[in-house]
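# Coordinate inspection notes
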There are 2 protein chains.
Amino acid sequence: MSTAKLSINLDALATNWRNLDALSSAETAAVVKANGYGLDAGRVGVALAKAGARNFFVAAAEEGVALRRAIGPDLGISVFSGHMEGDARLLQEFNLTPMLNSVDQMLRHFESLPGHSFGVQLDSGMNRLGMEPAEWAALRDIALGQNPVLIMSHLACADEPGHAMNALQLKVFREMTDGIDLPRSLSATGGILLGPDYHFDLCRPGIGLYGGRPFSDALPVITLALPVIQVRDVLPGESVGYGNTWIARRPSRIATVAAGYADGLIRAMGAGINAYVGDAACPVVGRVSMDLITIDITDLDADPDSLSLINPRQTIDQVADAAGTIGYEILTSLGHRYARGFSG
Amino acid sequence: MSTAKLSINLDALATNWRNLDALSSAETAAVVKANGYGLDAGRVGVALAKAGARNFFVAAAEEGVALRRAIGPDLGISVFSGHMEGDARLLQEFNLTPMLNSVDQMLRHFESLPGHSFGVQLDSGMNRLGMEPAEWAALRDIALGQNPVLIMSHLACADEPGHAMNALQLKVFREMTDGIDLPRSLSATGGILLGPDYHFDLCRPGIGLYGGRPFSDALPVITLALPVIQVRDVLPGESVGYGNTWIARRPSRIATVAAGYADGLIRAMGAGINAYVGDAACPVVGRVSMDLITIDITDLDADPDSLSLINPRQTIDQVADAAGTIGYEILTSLGHRYARGFSG
């Protein structure tokens, strides 16, 4: 096989869910948008349902279809983008609960799917999704008269516990919702870690389930092994890869492995990242190509059959640091040429 | 529909192929690896076959399967990664031609698939794939005795016409292959533009077909339209998006659209990019989220239903510049939640 192997540990995923669940007395749902952060929303959903999750969140109605087919009819699936033009059929057929973000969405929902389950998303300051305080003040009685199942908002700076925005959004969310006798939700992974004031009735972890910051106790969920196509000796002064950006300073042995930025190994990660054989770190050298990466294996005793790019020694967060991004993007970029294997 | 729409103009793709074909007297093949640079290798392959392409290149044997099913049994499909462990069945069943990169691959191929079509990839200096000069000198007579269909190499710096590496690799390739009475290939898009010395018998354009640099005459092939979920007014001093990185300096109107880095809109592209309504440029503001992007539409006369992120005014190369990468990565990152539409 010429393709790299992405191994997904569903036991670690379930453990992460249980450990996040133990941090609050609220119900713990699970965010499985972007195809389960790139890992396969169906497999992830089934594993988390076994662990005890009863409610799932996706970004768009289309994403709810595959998830519903995987997890069966009885568990909740909510849609962050709400009820958009043309969504009614999917929402109804697959029993999806839109989080209504605006008066437009609310009117659309009540008109096209009267009596169908819905929640309300409020904007507590991020200015991205959800009803503004004034809009909500005007619509609140009408909305509550139609029995929403959840009132939610989202934090802009929860990954920075000391950021003043967190307390500000908490205050605004309370002002918009205190006294309403309905389940409320404000927090994803970062908010869970901010403590009980932020938990309300339902928490919605995403990144923490998949092994990423800011949940520092998360177990790594994925490993990625890249098969070696070819190994060669390179003399001092010879260059490797596009643009001749790396030049050998010593007699070097270079392995070419079968994966590249078309597989989501972001081109910017090139410098400063390693590939591993057991505990031995081998530096990536030269530019990451579309389908190929070159690695300096000079210090190994023998040529390996494959090298590992993501593993407990070099997690999604460390790869993200090298690429100047966040672990979320490393996960959701994982490509479709990998042979995916699930354990647990 | 909550999902963004990626429109792929197969007529423009075919025109790019014809225009590149007209630049040389060599045969013009087509590189459709990484699922046709993210656009759908099957659709791309069929369109280019209609335009006249007779040979296609993919990165790995697995990629040849879908392509073979799409284009039928009669056209050539070559595999850059060669013949790797476990590839024999796919190579045989789908009639794929591996470009053998090493003595190991050559022995594997002759042993497991005697008589099966193959080519040879030589390393002329990039030190990534292909046989080294000394290795080739030792194997050459054996290889040529088995009737390879192509001898090829690849340029490391062809996108920089003035780079001394180009002439050096040309010289090495000539030294390794002059006098061999077999089809030879050295150039992808960049090499075609370097002129006839680099063309040999077969050219293998990739990026130029899909509308990207360095083929400056390329027609744009894709447009990407992002549906608006919600529009809101933001007061001076209010922030938008994660980390409060953007703060309104005037009363602003902000549209939230349904696409993000999980759709391949690289997180790093945030600053300095626009979204368009017709000719009107609206700046992306705040961080690109996983599923959402926020855009300043204050200067528009009316709220739009969607905004365009990739189009003839803002091509894949310009988006790449904003993200600090290359058009190739913008293409191959294009996500799987888009509704893809083909014209032509």
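Criteria and cut-off values
- Residues numbered from 1 in each chain as written.
- Chains lettered and ligands numbered in written order.
- Predicted model: local features only at pLDDT ≥ 70, side-chain atom pairs only at ≥ 80, totals over all residues.
- Heavy atoms only, no water.
- Domains from an automatic or database assignment.
- Contact = heavy atoms within 4.5 Å.
- Buried area = accessible area lost by both parts, 1.4 Å probe.
- Salt bridge = Lys/Arg side-chain N within 4 Å of Asp/Glu carboxyl O.
- Pairing = 2+ DSSP bridges.
- Helix = DSSP H or I, 4+ residues; strand = E, 2+ residues; numbered from the N terminus.
- pLDDT = per-residue confidence, 0-100.
- Axes fitted to C-alpha atoms, helices over the stretch in contact; angles between N-to-C directions.
- Parallel < 35°, antiparallel > 145°, perpendicular 65-115°, else oblique.
- Left-handed = near helix turned anticlockwise from the far one by under 90°.
- Nonpolar A, V, L, I, M, F, W, Y, C, P; charged D, E, K, R; others polar.

Residues and elements named next belong to chain A. In terms of domain boundaries, chain A breaks down into domain 1 (10-209) and domain 2 (222-343). Counting residues at the interface gives 10 residues for domain 1, matched by 9 residues for domain 2. Roughly 930 Å² of surface becomes buried between domain 1 and domain 2 when both sides are summed, with 65% attributable to carbon and sulfur atoms. Broken down residue by residue, the surface that domain 1 buries against domain 2 is led by Y37, L39 and I207, which jointly contribute 51%. At the boundary of domain 1 and domain 2, one finds 0 salt bridges.

To continue, consider the sheet that holds strand β6 (residues 97-100) of chain B. Paired through backbone hydrogen bonds, the strands of a sheet run either parallel or antiparallel to each other. Residue and element names in this part refer to chain B. With parallel pairing, the 7 strands of this open sheet are ordered in space as β3-β4-β5-β6-β7-β8-β9. Two strands in the sheet have a free side with no partner beyond their single neighbour: β3 (30-31) and β9 (184-185). Pairing between strand β8 (residues 151-152) and β9: 2 bridges, direction parallel. By the bridge assignment for β9, I151 is matched with R184.

With that out of the way, let us pick up the confidence of the model for chain A. It should be kept in mind that the predicted coordinates are not to be read in detail where pLDDT is low. Residues at a pLDDT of 70 or more form 99% of chain A, whose mean pLDDT is 97. Interface scoring of the predicted complex returns ipTM 0.96; its pTM is 0.96.

Looking now at the packing of helix α3 (residues 41-51) of chain B against helix α4 (residues 61-71) of chain B. Residue and element names in this part refer to chain B. Between α3 and α4, whose axes approach to 8 Å, the crossing angle comes to 45°. By the criterion of interaxial angle, the relationship of α3 to α4 is oblique. Here α3 and α4 pass one another in a crossing that is right-handed. Across the interface between the two elements, A41, G42, G45 and V46 of α3 pack against L67, A70 and I71 of α4. Residues that form the contact of α3 with α4 fall into these classes: 5 nonpolar, 2 polar and no charged.

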